Amino acid sequence: MKRLSQESLLWLLLISVFVLGALSLTLILRMPMTAATSTQVSITGRPMIGGPFRLTTHEGKTLTNEDLKGTPYVAFFGFTHCPDVCPTALWNLSELLKALGPDGNKLKVLLISVDAERDKPELLATYLQSFDPRIIGLTGTEEQVAETVRAFKTFVRKVPLKDGEFTFDHIATIYLMDCKGEFFSALDLHEPEEARLAKLRRLIKEG
Ligand code: NI
C-alpha cells in the first residue's frame, strides 16, 4: 500500500474542510427557505371547518349559514344539561362580550346545542337568561344537529347514564368564523383572558 505523503494528507484535509464547509453552507441557506415554505402552507391551509347548516334559534326562527354571511361569528357546541364546561364557556363569552363594548355587536355568538332531544327552543331561551342576551341558542332535529356537528368537524358523543338518562362528551373549543363562514381561529378556555379578547378583536377587524 502506498504511503501518503505529508503533502497529500494536507491536501486531503483542506479538501475535507472545504467540502464540509460547503455542505454546512448549503444546509444553512436551505433552512430559511424550508421555514418560509412551511409557513406558507399553514397560512393557505385553513382547516375545512364550517359548511351548510340549518337550525332554529331559541326564539323559534330559522337560522342558516347563509344568513350569517357578512357577519363574523363565534360558535360553541354544548347543551343545557351540561354540568360544567358549557356554563363556564358561556359565562366567559358573556364576559368577553361585555369587555368588547359596542364592538361586541359586530359579531354573533352562537350556542349550538348537541342535544336535539331535550334542548327545544323554549328550554334554550330559559337557559340563556343567565348569560349575555346577545348569545343566540340554536337547536334542530337530530339530523340538523348532526349535519352541523359534521360541518364543524367537532367531537360529540352521547353517553348513557342510569335510568335512561344521558349526557354528552364534547370539546370546549370555541370556533371563530369569518364573514364568509370560513374558519378564522379558535378560543381555548385555558389561554389567558387577554389572548381571547385579542382574538375576538382581530375577528371583528379582519374576519
Ligand atoms: Ni358542556
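The structure this text deals with has already been given above.
Reading the values: the criteria
Residues numbered from 1 in each chain as written. Predicted model: local features only at pLDDT ≥ 70, side-chain atom pairs only at ≥ 80, totals over all residues. Heavy atoms only, no water. Core = buried A, V, L, I, M, F, W, Y, C linked by side-chain atoms within 4.5 Å. Buried < 20%, exposed > 50% of the residue type's maximum accessible area, 1.4 Å probe, protein only. Helix = DSSP H or I, 4+ residues; strand = E, 2+ residues; numbered from the N terminus. Contact = heavy atoms within 4.5 Å. Pairing = 2+ DSSP bridges. Axes fitted to C-alpha atoms, helices over the stretch in contact; angles between N-to-C directions.

Student: Explain the nonpolar core here, please?
Tutor: A general trend in soluble globular proteins is that nonpolar side chains are found buried together. With 50 residues, the main nonpolar core has V74, L93, I135, F152 and L200 as its most contacted residues. Ranked by the residues each element gives to this core, the list is headed by helix α2 (residues 85-100), at 7 residues. Ignoring sequence-local partners within four residues, the contact set of L93 consists of V74, F76, V109, I135, I174 and L187.

Student: Help me understand the sheet that holds strand β8 (residues 174-177), please; the structure alone is not making it clear to me.
Tutor: By way of backbone hydrogen bonds, the strands of a sheet pair with one another, either parallel or antiparallel. Pairing in this open sheet of 7 strands is mixed, and the strands run β2-β1-β5-β4-β3-β8-β9 from one edge to the other. The strands lining the two open edges of the sheet, one partner per strand, are β2 (62-64) and β9 (183-187). The sheet shows a mean angle of 35° between the axes of neighbouring strands, direction not considered. Where strand β3 (residues 73-78) lies against β8, 4 bridges are found, and the strand directions are antiparallel.

Student: Please explain the pairing of strand β1 (residues 54-57) as it appears in this structure.
Tutor: For a regular strand, the rule is simple: side chains alternate between the two faces of the sheet. Pairing of β1 with β2, which is carried by 3 bridges, proceeds in the antiparallel orientation. If you follow R54 over to β2, its bridge partner there is T64. Relative to strand β5 (residues 135-139), β1 runs antiparallel, the two sharing 2 bridges. From the neighbouring strand, T57 faces β5, where its bridge partner is L138.

The quantities given are spatial measurements derived from coordinates; they are silent on function.
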